[in-house]
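Residue strings, one per chain:
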Amino acid sequence: MLKVECVVFFAVMSCLEAAKLPSYIIPCSASDPNLNECGRKHAQDALPSVIKGDPKFKLPSLEPLKLPEIKITSGNLRVDLLNVIIKGFDNAQVKDMQIDLKNKHISLTVFIDKANLLSNYEISGNILILPIRGKGRSNITFAGGSYKYDFDYTLKDKHGDKYMIMKNNKLDFKTERSYFYFENLFGGDNQLGEQMNKFLNENWETVEQELGPAITQTMSTIITSSLNGIFDKVPFKDIILQPNPA
Ligand SMILES: *[C@@H]1O[C@H](CO)[C@@H](O)[C@H](O)[C@H]1NC(C)=O
């Protein structure tokens, strides 16, 4: 069983006054016959502004994204990533968006050619069959990553308007390749350390399955809190323009 524990520093939005969408997010119309493509394009267009961050909507800066800690426990492997810096969002491409108004379901697929995560690490336990331990600098790279975030929503009345309440959100991902480098493994034993790094990269798919979900879970928490920041403040009719306002 994979146990995921995330530590992030984002306050939950609590202000209740209605707001407009940030100017860089252009809404689509519910009656648009190409609603999915409209959503995809507007998400892509908003990206350069979104990654700069927006304190008004509690959007964190993504150039780079800084996280204090990601803790990973998988089987009897424990990994602690500290002072994490994640880069690569500036090259993100929004590949697909599906807006299903009838079933109240939205999905967004983003491709990131190279997502790079640099941090301090502490690792102990077993990976595959081998014991591993160490403490130092680490470098994790996901190459050719496809990230699909999707969620259901309900509409809730608040102050005479309808607002989106997100539920069942999840983030799935797959990569073409990933790379791992842990400096200073085994108390600085260079030969053992190099062998282990070689082994990790030869078995990158398995290592990715052990380490990846906790990392994307952390990302998912940030995306969710950012979207909730918008959904809490902006009435649904201003996010998806309704032809006949009720
Ligand atoms: C991290 O690893 C990637 C892939 O091996 C490499 O391209 C990059 O230069 C490394 N970054 C640092 C800071 O070592």
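Scroll up a little and you will see the structure.
This is a predicted model, so every value here is computed, not measured.

**Regarding the site of the ligand**
Reasoning step 1: The environment of the ligand is formed by K114, N116, L118, N139 and T141.
Reasoning step 2: At 2.4 Å, a side-chain N or O of N139 approaches an oxygen atom of the ligand.
Reasoning step 3: Notes on the ligand: free accessible area 360 Å², of which the protein chains cover 42%.
Reasoning step 4: Every element with two or more residues in the shell around the ligand is listed here: strand 6 (105-127) and strand 7 (130-158).
Reasoning step 5: Taken together, the residues that form the shell around the ligand break down as one nonpolar, three polar and one charged.

**Considerations on the state of the cysteines**
Reasoning step 1: The final tally for this structure, using the stated rule, is one disulfide.
Reasoning step 2: In this model C28 forms its disulfide with C38; the gap between the sulfur atoms is 2.1 Å. Taking the torsion about the sulfur-sulfur bond, which here is approximately -95°, the covalent link between C28 and C38 counts as left-handed. Pair noted here: C28 is in strand 2 (residues 28-29) and C38 is in helix 1 (residues 35-52), with a separation of ten residues, a long-range link.

**Here we look at helix 3 (residues 204-233)**
Residues spaced three or four apart along an α-helix point in a common direction, a consequence of the helix completing one turn every 3.6 residues.
Reasoning step 1: An ideal rise of 1.5 Å per residue puts 44 Å on 30 residues; helix 3 measures up with 42 Å between its terminal C-alpha atoms.
Reasoning step 2: At L211, helix 3 is deflected by roughly 40°, the largest bend along its length, and proline P213 occurs up to four residues later in sequence.

**What about a nonpolar patch on the surface?**
Reasoning step 1: Among the surface-exposed residues, L128, I129 and L130 lie close enough to one another that they form a single nonpolar patch of about 280 Å² accessible area.
Reasoning step 2: Structurally, L128 can be placed in the loop between strand 6 and strand 7.
Reasoning step 3: Overall, L128 belongs to the partly exposed group, its relative accessible area being 36%.

**Section: the side chain of T224**
Reasoning step 1: With respect to the helices, strands and loops of the structure, T224 is situated in helix 3.
Reasoning step 2: There is a polar contact of 2.6 Å between the side chain of T224 and the side chain of Y149.

**Observations regarding unusual backbone geometry**
Reasoning step 1: The omega torsion of the bond from E63 to P64 falls at -5°, within 30 degrees of zero and hence cis.
Reasoning step 2: Its identity is not glycine, yet N184 carries a phi of approximately 70°, on the positive side.
Reasoning step 3: As for its placement among the helices and strands, N184 is situated in the loop between strand 9 (177-182) and helix 2 (190-202).
Reasoning step 4: Residue N184 is classed as partly exposed on the basis of its relative accessible area, which comes to 42%.
Reasoning step 5: Although it is not a glycine, F186 adopts a positive phi angle of roughly 50°.
Reasoning step 6: Within the secondary structure, F186 is located in the loop between strand 9 and helix 2.
Reasoning step 7: The class of F186 is buried, set by a relative accessible area of 14%.

**Overview of the pattern of salt bridges**
Reasoning step 1: A complete count under the given rule lists eight salt bridges for this structure.
Reasoning step 2: We note a salt bridge from R40 to E37, for which the minimum N-O separation is 2.9 Å. Taken together, the residues R40 and E37, both in helix 1 and three residues apart, mark about one turn of the helix.
Reasoning step 3: Residue K237 is joined to D238 by a salt bridge in which the shortest nitrogen-to-oxygen separation is 3.8 Å.
Reasoning step 4: Ionic contacts of the salt-bridge type, sharing partners, join the residues K20, D161, K237 and D238 into one network.

**A look at helix 1**
Reasoning step 1: Over its 18 residues, helix 1 extends 26 Å from the first C-alpha to the last, a length consistent with the 26 Å expected when each residue adds 1.5 Å.
Reasoning step 2: In helix 1, a bend of some 45° at A46 exceeds every other bend along the element, and P48, a proline, comes one to four places later.
Reasoning step 3: Of the positions making up helix 1, those classed as buried are L35, C38, G39, H42, A46, L47 and I51.
Reasoning step 4: Elements that come into contact with the buried residues of helix 1 comprise strand 2 and strand 5 (93-100).
Reasoning step 5: Looking one or two residues past helix 1, G53 carries a phi angle of roughly 90°, positive in sign.

Procedures and definitions
- Residues numbered from 1 in each chain as written.
- Predicted model: local features only at pLDDT ≥ 70, side-chain atom pairs only at ≥ 80, totals over all residues.
- Heavy atoms only, no water.
- Near = heavy atom within 4 Å.
- Polar contact = N/O pair within 3.5 Å; in protein donor to acceptor, adjacent residues only side chain to side chain.
- Areas by Shrake-Rupley, 256 points an atom, 1.4 Å probe, with all protein chains shown as cover.
- Helix = DSSP H or I, 4+ residues; strand = E, 2+ residues; numbered from the N terminus.
- Nonpolar A, V, L, I, M, F, W, Y, C, P; charged D, E, K, R; others polar.
- Disulfide = S-S within 2.5 Å.
- Expected span 1.5 Å × (residues − 1).
- Bend = angle between axes of the 7 residues up to and from the residue.
- Patch = residues over 30% accessible without salt bridge, like charges linked within 9 Å, V, L, I, M, F, W, Y side chains within 5 Å.
- Salt bridge = Lys/Arg side-chain N within 4 Å of Asp/Glu carboxyl O.
- Buried < 20%, exposed > 50% of the residue type's maximum accessible area, 1.4 Å probe, protein only.
- Contact = heavy atoms within 4.5 Å.

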